[in-house]
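Structural description and commentary
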Amino acid sequence: MTTMENPTAHGSGNAATDKFKSERVTSDTSVERASAIYKDLLGALAGIVDKHQVTYDEYRVLKQWLIDVGEYGEWPLWLDVFLEHEIEKVHYNRKGFTGTKGSIEGPYYVPNSPKLPSKCTMPMREKDKVAPPLIFKGQVTDLEGNGLSDATVELWHADEEGYYSQFAPGIPEWNLRGTVEVDENGNFEITTLQPAPYQIPSDGPTGWFIKSYGGHPWRPAHLHLMVKAPGKRAITTQLYFKGGEWVEDDVATAVKPELILDPQPNADGIAEVTYNFVLDPEA
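In this numbering scheme, every chain counts its residues from 1 along its sequence in written order. Reporting in this predicted model follows two pLDDT cut-offs: at least 70 for local features of residues, and 80 or more for side-chain atom pairs to be given and counted; totals over whole chains, interfaces and linings ignore these cut-offs and use all residues. Water and hydrogen atoms play no part in the side-chain values, which are based on all heavy atoms of the structure.

Comments concerning the pattern of salt bridges
Each salt bridge in this description consists of a side-chain nitrogen of Lys or Arg and a carboxyl oxygen of Asp or Glu lying within 4 Å of one another. Throughout the structure, instances matching the rule amount to eleven salt bridges. As a salt-bridge pair, aspartate 57 and arginine 60 come within 3.5 Å of each other at their nearest N and O atoms. Linking aspartate 57 with arginine 60, this pair stays in helix 3 (residues 56–71), spanning three residues, or about one helical turn. Its relative accessible area of 55% is what places aspartate 57 among the exposed residues. Looking at arginine 60, the relative accessible area reads 47%, which means it is partly exposed. Across the pair lysine 129 and glutamate 126 runs a salt bridge, and its minimum N-O distance is 3.0 Å. In this description a helix means any DSSP run of H or I spanning at least four residues, a strand means any run of E spanning at least two, and both kinds are numbered starting from the N terminus. Only protein chains enter the area calculation, which uses a 1.4 Å probe; residues under 20% of their type maximum are buried, those over 50% are exposed, and those in between are partly exposed.

Listed below in structure tokens is the structure:
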């Protein structure tokens, strides 16, 4: 993992790229399918050039920007913000899933977070405890509503300043990251902090891209989750907060109505919310 001296787009981007490169993913895409995809991709680009009569100066700007994205290590960021939501939607619909809706993973996932019991508090610093707390609880079930005792609920999210551990300096390695092992009935109860909306790194080429069309770099406050159980389809999703800033205008276009939480104060005045995860059989 790249070590950063300050939370710049360059540092964050390089960390995301290093993480992605370490996985060395592959695909079983056939030559015929690859040929069809590439042909349509290049045809779509040619159509855009013709439709908008793109100039040579604009073409050269594009080439320089593509080089900059690579040098800043921002391809994971740019693709996850602007394309992953479409990939995720196609994946969910193609498989015919009926359980909990998924959402984008984003560039800041790190595997193998510390295991935590079904009722737990997320790893956090003393300074994080100043932020408003959140109790997040629920159950993991199959399609028939049976609790899955061998499920895990992996949770990660930004701190109260919008930074993720391992992608910004001065934050403990596993801060606000954990893999919760549910109880015998599939239940869990996690105490964490309420995350805040944050800007994606905007002082690099992804930010320049957004500025060029008059957009904004903001994501609404959200929780990242990956829910798994043997023999079931793993869910990667994000949960948002009702009435939260940028929920209606997420730069990553990842918000879905089914994924919006509405925490309410419990008897102790702490925001509390219940959300159940329903897992499809493994395809």
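Concerning the pairing of strand 4 (residues 152–156)
For strand 4, the buried fraction is high: four of the five residues fall into the buried class. When DSSP locates at least two bridges between a pair of strands, those strands are taken to pair. Note that strand 4 and strand 5 (residues 177–181) share five bridges and pair antiparallel. From the neighbouring strand, tryptophan 156 faces strand 5, where its bridge partner is arginine 177.

Details of helix 3
Multiplying 1.5 Å by the residue count of a helix minus one yields the expected span of that helix. Given a rise of 1.5 Å per residue, 16 residues ought to cover 22 Å, and the 23 Å separating the end C-alpha atoms of helix 3 matches this to within 8%. Burial in helix 3 covers these residues: Trp65, Asp68 and Val69. Looking straight down helix 3, one finds that the buried residues subtend no more than 100° of arc, so they occupy a single side. Those residues of helix 3 that are exposed and aimed more than 90 degrees away from the buried face are Tyr56 and Glu71. Tucked into the core, helix 3 has its buried residues touching helix 4 (75–82) and helix 6 (205–212). Looking at the residues trailing helix 3, positive phi occurs at glycine 73, about 70°. Here the arc refers to the directions that run from the helix axis out to each C-beta atom. It only takes one pair of heavy atoms within 4.5 Å for two residues to be counted as in contact.

Coordinates in, geometry out; function isn't part of it.
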